[in-house]
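Residue strings, one per chain:
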Amino acid sequence: MFGNWLKTSILMAAILALFGILGAFVGGKTGMLLALLLGGGMNVFAYWFSDQMVLRMYNAQEVDAGSAPQFYGMVRELAQRAGLPMPKVYLIDEAQPNAFATGRNPEHAAVAATTGILQLLSARELRGVMAHELAHVRHRDILISTTSATMAGAISALANFAVFFGGRDADGRPSNPLAGILVAVLAPLAAGLIQMAISRAREFEADRGGAEICGDANALADALMRIDACARGISMAPAEAHPETAQMMIMNPLSGGGIAGLFSTHPATVERVARLRAMARF
């Protein structure tokens, strides 16, 4: 748990530094100070409210034992096996098969799945997917993914602001407009690289933990193969509109176009499946 808190602290510090750099570009020393204050406030806000922001981005609807008995019951059984409090359960009305977990800790966690993944997978395969998401909760790394998604989005917004309103040097004089374009491109990429630095290892660990929770590594491996084969041909509008949230999903939801597609926060599916198959043999 200490390791994940350390990662979260490093992530927040790195994002805060990006805020300061962008602020200095837009408004010199005063801009840097204001951006640092804004970044600090955003860190606090992200800690408490980023999960609800992400769920609203995807128009996720909470379900219970009455509205989705089979799915809710599956999550409840897996949460008990994992020794976790029952998370809130959400459905997202999207055709692309995908799922994610969010929240600041296991006591305030939520898991969400698209209607597409419920239609695509067998009950056994879906069980493996939801066990993967609960492994994220048990490993206490859901705060990292949710916070980084929120802060990366804020960095992109601030970078766009820099393009439209230009930049200032240390003496308050207008800077080169080409520099503004470079900042608008490089700042979101830097935020993405920070996300990517911790996301891939986190996915491997969640695969391993999910296989242990559900007791069937092949179920998760089969699910990943089916999701990978189908997800590429089905776009997900909320993910395309908020590419910073892509690293939260069990599978990269982006179509691969544009700058956001240059860096993947997910390991190759074939490598994930190979590791799970190896686990199943022991």
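Residues numbered from 1 in each chain as written. Predicted model: local features only at pLDDT ≥ 70, side-chain atom pairs only at ≥ 80, totals over all residues. Heavy atoms only, no water.

Colleague: How should the nonpolar core be read in this particular structure?
Modeller: The tendency in soluble globular proteins is for nonpolar side chains to be buried as a group. With 42 residues, the main nonpolar core has Phe-71, Leu-78, Ile-117, Val-129, Met-130 and Ile-227 as its most contacted residues. Elements represented by at least two residues in this core include exactly α2 (69-82), β2 (88-92), β3 (99-103), β4 (109-114), α4 (123-138), α6 (177-214), α7 (217-231) and α9 (269-280). (Core = buried A, V, L, I, M, F, W, Y, C linked by side-chain atoms within 4.5 Å. Buried < 20%, exposed > 50% of the residue type's maximum accessible area, 1.4 Å probe, protein only. Helix = DSSP H or I, 4+ residues; strand = E, 2+ residues; numbered from the N terminus.)

Colleague: What's the story with the pairing of β2 in this structure? I'm lost.
Modeller: On a regular strand, each side chain points to the face opposite its neighbour's, so the side chains alternate between the two faces of the sheet. Of all five residues in β2, four are buried; the element is thus mostly enclosed. Relative to β2, strand β1 (residues 61-63) is paired through three bridges, and the arrangement is antiparallel. Paired with Gln-61 across the two strands is Leu-91, which belongs to β2. Note: β2 against β4, five bridges, orientation parallel. Bridge pairing in β4 places Lys-88 opposite Ala-110. (Pairing = 2+ DSSP bridges.)

Colleague: Before we go on, may I ask you to explain the sheet that holds β1 in this structure?
Modeller: Think of a sheet as strands paired side by side through backbone hydrogen bonds, with each pair either parallel or antiparallel. Across the sheet, four strands lie side by side as β1-β2-β4-β3; this open sheet has mixed pairing. For this open sheet the edge positions go to β1 and β3, each flanked by a neighbour on one side alone. Pairwise comparison of adjacent strand axes, ignoring direction, gives a mean angle of 30° for this sheet. Here α2 sits on the sheet and contacts β1, β2 and β4; the angle it forms with β2, its principal contact strand, is near 140°. In this fold α4 packs onto β3 and β4, with an angle of close to 25° to the strand it touches most, β3. (Axes fitted to C-alpha atoms, helices over the stretch in contact; angles between N-to-C directions. Contact = heavy atoms within 4.5 Å.)

Colleague: I'm lost on α4 in this one. Help?
Modeller: Side chains that are three or four residues apart share a direction in an α-helix, a result of its 3.6 residues per turn. Its 16 residues place the ends of α4 22 Å apart at the C-alpha level, agreeing with the 22 Å of an ideal helix rising 1.5 Å per residue. With twelve of 16 residues buried, α4 lies mostly within the body of the structure. Buried residues of α4: Glu-125, Leu-126, Gly-128, Val-129, Met-130, Ala-131, His-132, Glu-133, Leu-134, Ala-135, His-136 and Val-137, and no others. Downstream of α4 by a residue or two, Arg-140 has a phi angle that is positive, lying close to 60°. (Expected span 1.5 Å × (residues − 1).)

Colleague: I tried to follow the side chain of Glu-203 on my own but got confused; where do I start?
Modeller: Mapped onto the secondary structure, Glu-203 falls in helix α6. You can call Glu-203 buried: its relative accessible area is 0%.

Colleague: Explanation requested: α7 in the structure shown.
Modeller: Under the 1.5 Å per step criterion, the end-to-end length of α7 is 21 Å for 15 residues, consistent within 8% with the ideal 21 Å. Listed in full, the buried residues belonging to α7 are Ala-217, Ala-219, Leu-220, Ala-221, Asp-222, Ala-223, Leu-224, Ile-227, Asp-228 and Ala-231.

Colleague: I'm lost on the environment of Ala-110 in this one. Help?
Modeller: Positionally, Ala-110 belongs in strand β4. The exposure class of Ala-110 is buried, given its relative accessible area of 6%. Each C-alpha atom, one on Ala-110 and one on Lys-88, is 4.5 Å from the other, the two residues being 22 residues apart in sequence.

Colleague: Just to check I follow, could you spell out unusual backbone geometry for this structure?
Modeller: Non-glycine residue Asn-59 carries a positive phi angle of around 50°. Mapped onto the fold, Asn-59 is located in the loop between α1 (2-57) and β1. The backbone of Arg-140 sits at a positive phi, close to 60°, despite the residue not being glycine. For Arg-140, the position within the fold is in the loop between α4 and α5 (142-165).

Colleague: Can you walk me through the confidence of the model for the protein in this structure?
Modeller: If pLDDT is low for a region, its predicted coordinates should not be looked at in detail. Summary statistics for the protein give a mean pLDDT of 83 and a share of 75% for residues scoring 70 or more. Low pLDDT, under 50, characterises residues 257-262; the stretch is placed with five contacts to residues that sit more than four places away or in other chains. (pLDDT = per-residue confidence, 0-100.)

Colleague: What is the right way to look at the packing of aromatic side chains in this model?
Modeller: Inspection of the entire model under this criterion finds one aromatic pair. Geometrically, the ring pair formed by Tyr-58 and Phe-100 is tilted, given 5.7 Å between the ring centres and 55° between the ring planes. With a gap of 42 residues between them, Tyr-58 in the loop between α1 and β1 and Phe-100 in strand β3 connect regions that are remote in the sequence. What makes Phe-100 buried here is its relative accessible area of 1%. Sitting over the ring of Phe-204, Arg-275 keeps its end group 3.6 Å from the ring centre. (Phe/Tyr/Trp six-rings, centres within 6.5 Å; stacked < 30°, edge-to-face > 60°. Lys NZ or Arg CZ within 6 Å of the ring centre and 35° of its normal.)

Colleague: Please clarify how the packing of α2 against α4 should be interpreted in this entry.
Modeller: Helices that pack against each other are described as a pair by the angle of their axes relative to one another and the distance between those axes. Put simply, α2 and α4 touch, their axes get as near as 10 Å, and they point 50° apart. What the angle tells us is that α2 and α4 run oblique. Where α2 crosses over α4, the handedness of that crossing is right-handed. For the pair α2 and α4, the contacting residues are Phe-71, Met-74, Val-75, Glu-77, Leu-78, Ala-79, Arg-81 and Ala-82 in the first and Ala-123, Leu-126, Arg-127, Met-130, Ala-131, Leu-134 and Arg-138 in the second. Here the contact of α2 with α4 is composed, by residue class, of eleven nonpolar, no polar and four charged. (Parallel < 35°, antiparallel > 145°, perpendicular 65-115°, else oblique. Left-handed = near helix turned anticlockwise from the far one by under 90°. Nonpolar A, V, L, I, M, F, W, Y, C, P; charged D, E, K, R; others polar.)

Colleague: Can you walk me through the packing of α4 against α7 in this structure?
Modeller: Their axes nearest at 8 Å, the elements α4 and α7 cross at an angle of 95°. Here α4 is positioned roughly perpendicular relative to α7, judged by the angle of their axes. Only Asn-218, Ala-219, Leu-220, Asp-222, Ala-223, Arg-226 and Ile-227 of α7 make contact with α4, whose side of the interface consists of Arg-124, Glu-125, Gly-128, Val-129 and His-132. The residue inventory of the contact of α4 with α7, partitioned by class, reads five nonpolar, three polar and four charged.

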